[in-house]
Amino acid sequence: MKNLLYSWKNNNFPPPDRELLIPFVRRAAQLAHLPEFDWNFEIEFTDDELMTRRNMELLGHEGTTDVITFSYFTGDGDDFILENETAIDAVVNPDVAFREGSKRKNSYYARETALYVVHALLHSSGLEDIEPDDRRRMRANERRVMKKLEAEGVVFQDIFPLPEE
């Protein structure tokens, strides 16, 4: 991955620390076994309202969701993505990350937000999660990548901080 292009359209949480976000995403892309040539990853971080609109516009689905991913890798040598072109577009919703992180054991807002980025990268590597067997494979790979990132010292709450009280 060469460039991470992102926009922050969520007033409920502060934007990520750019100096930490970029190496986190690059390393997660490596751990997801994505191609090594120079390609771009574009992420739009939204809130529930904007994600609801994106979900309808892009997928025809009602309501909000956690992450939407469009990957332009072909799986056939990935040669139709030229260097410096966008290979992945993702929309990530920190509002859902906050709610889910509060409910899940061993999770929290920043970890959930990071997980959604990892999830987008894993989808782009060819993993799916619709069918039960595919979902199990996806979850196992999510755990593998997140565990490796944590073992390497990535501190998710430094990347995705909560608002100061």
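The shown structure was predicted, so the numbers you read here are calculated from the model rather than taken from an experiment.

> Describe in detail the pattern of salt bridges, supporting the description with residues and values.
A complete count under the given rule lists 14 salt bridges for this structure. When the shortest N-O distance is used, the salt bridge between Arg 54 and Glu 44 registers 2.8 Å. With Arg 54 in helix 2 (residues 48–59) and Glu 44 in strand 2 (residues 40–45), this residue pair connects regions lying ten residues apart in the sequence. Note on accessibility: Arg 54 and Glu 44 belong to one class, buried. Three or more residues joined by partner-sharing salt bridges are found here, namely Lys 9, Glu 44, Arg 54 and Glu 57.

> Go over the side chain of Arg 111 with me, naming the residues and quoting the values.
In this structure, Arg 111 sits in helix 4 (residues 109–124). By relative accessible area, Arg 111 is classed as buried at 18%. Side chain to side chain, Arg 111 and Glu 150 meet in a polar contact 2.9 Å long. Those residues within four positions of Arg 111 in sequence are excluded, and the remaining contacts are Asn 106, Met 146, Glu 150 and Phe 156.

> Give me the lowdown on the packing of helix 4 against helix 5 (residues 132–151), citing residues and values where you can.
Contact geometry of helix 4 with helix 5 gives a least axis separation of 10 Å together with a crossing angle of 120 degrees. With respect to helix 5, the axis of helix 4 lies oblique. In the crossing of helix 4 with helix 5, the sense of the turn from one axis to the other is right-handed. Listed contacts from helix 5 to Arg 111, Ala 114, Leu 115, Val 118, His 119, Leu 122 and His 123 of helix 4 are Met 138, Arg 139, Asn 141, Glu 142, Arg 144, Val 145, Met 146, Leu 149 and Glu 150. Its residues assigned to classes, the contact of helix 4 with helix 5 shows eight nonpolar, three polar and five charged.

> Describe the packing of aromatic side chains, naming the residues involved and giving the relevant values.
In the structure shown here, the tally under the stated rule is eight aromatic pairs. Aromatic side chains Trp 8 and Phe 45 sit 5.0 Å apart centroid to centroid with 40 degrees between the ring planes, which places their arrangement in the tilted category. Of this pair, Trp 8 sits in strand 1 (residues 3–8) while Phe 45 is found in strand 2, placing the two residues 37 residues apart along the sequence. Assessed through its relative accessible area of 18%, Trp 8 is described here as buried. Judged by relative accessible area, which is 0%, Phe 45 ranks as buried.

> Talk me through the pairing of strand 2; I want residue IDs and the actual numbers.
Within strand 2, five of the six residues are buried, which leaves it mostly tucked inside the rest of the structure. Note that strand 1 and strand 2 share six bridges and pair parallel. Residue pairing across strands places Leu 4 opposite Phe 41, the latter belonging to strand 2. Taken together, strand 1, helix 1 (residues 18–31) and strand 2 constitute a β-α-β crossover, and its handedness is left-handed. Where strand 2 lies against strand 4 (residues 86–92), six bridges are found, and the strand directions are parallel. Note that in strand 4 the partner of Ile 43 across the bridge is Ala 90.

> Describe helix 4, and please don't skip the residues or the numbers.
Look at helix 4: 23 Å from first C-alpha to last across 16 residues, which is about the 22 Å you get at 1.5 Å a residue. Most of helix 4 is tucked away, with 16 of its 16 residues classed as buried. Phi turns positive, to about 110 degrees, at Gly 126, one or two residues after helix 4.

> I'd like to hear about the nonpolar core, residue by residue, with values.
Counting 43 residues, the largest nonpolar core has Phe 24, Trp 39, Phe 41, Val 117, Leu 121 and Phe 160 as its most contacted members. Elements that contribute at least two residues to this core include exactly strand 1, helix 1, strand 2, strand 4, helix 3 (94–103), helix 4, helix 5 and helix 6 (156–159). Counting residues per element, this core draws most heavily on helix 4, at ten residues. In this structure, Phe 24 is in contact with Ala 114, Val 117, Val 118, Leu 149, Val 154, Phe 156, Ile 159 and Phe 160, ignoring residues within four places of it in sequence.

Cut-offs applied
Think of each chain on its own: its residues are numbered from 1, step by step along the sequence as written. Only residues with pLDDT of 70 or above have their local features reported here, since the model is predicted, and side-chain atom pairs are shown and tallied only from 80 upward, although totals for entire chains, interfaces and linings are computed over all residues. With hydrogens and water excluded, all non-hydrogen atoms of the structure serve as input to the side-chain values. We count a salt bridge whenever a side-chain nitrogen from Lys or Arg sits within 4 Å of a carboxyl oxygen from Asp or Glu. For helices the rule is a DSSP run of H or I covering at least 4 residues; for strands it is a run of E covering at least 2, with both sets numbered from the N terminus onward. Three exposure classes are used, based on accessible area relative to the maximum for each residue type with a 1.4 Å probe and protein chains only: buried under 20%, partly exposed in between, and exposed over 50%. Throughout this description, a polar contact denotes any pair of N or O atoms lying within 3.5 Å of each other; where both atoms belong to protein, one of them has to be capable of donating a hydrogen while the other can accept it, and for residues adjacent in sequence the pair is counted only when both atoms sit in side chains. We call two residues in contact whenever any of their non-hydrogen atoms come within 4.5 Å of each other. To get an axis, a line is fitted to the C-alpha atoms, and for a helix only the part in contact is used. The angle between two axes follows their N-to-C directions and goes from 0 to 180 degrees. These descriptions rest on fixed angle ranges, namely under 35 degrees for roughly parallel, over 145 for roughly antiparallel, 65 to 115 for roughly perpendicular, and the rest for oblique. In this scheme the crossing of two helices becomes right-handed for a clockwise turn of the near helix relative to the far one and left-handed for an anticlockwise turn of less than a right angle. Ten residue types, Ala, Val, Leu, Ile, Met, Phe, Trp, Tyr, Cys and Pro, are classed as nonpolar, four, Asp, Glu, Lys and Arg, as charged, and the remainder, Gly among them, as polar. Any two rings among Phe, Tyr and Trp, with Trp reduced to its six-membered ring, count as a pair given centres within 6.5 Å; such a pair is stacked if its planes are under 30 degrees apart, edge-to-face if over 60, and tilted if neither. In this scheme, strands are said to pair when DSSP sees at least two bridges between them. Here the term right-handed applies to a crossover when the path leading from its first strand over the helix to its second strand runs clockwise, the strands being oriented away from the viewer. One less than the number of residues in a helix, times 1.5 Å, gives the span that helix is expected to have. Nonpolar core, defined: a set of buried Ala, Val, Leu, Ile, Met, Phe, Trp, Tyr and Cys residues in which side-chain atoms within 4.5 Å join the residues together.

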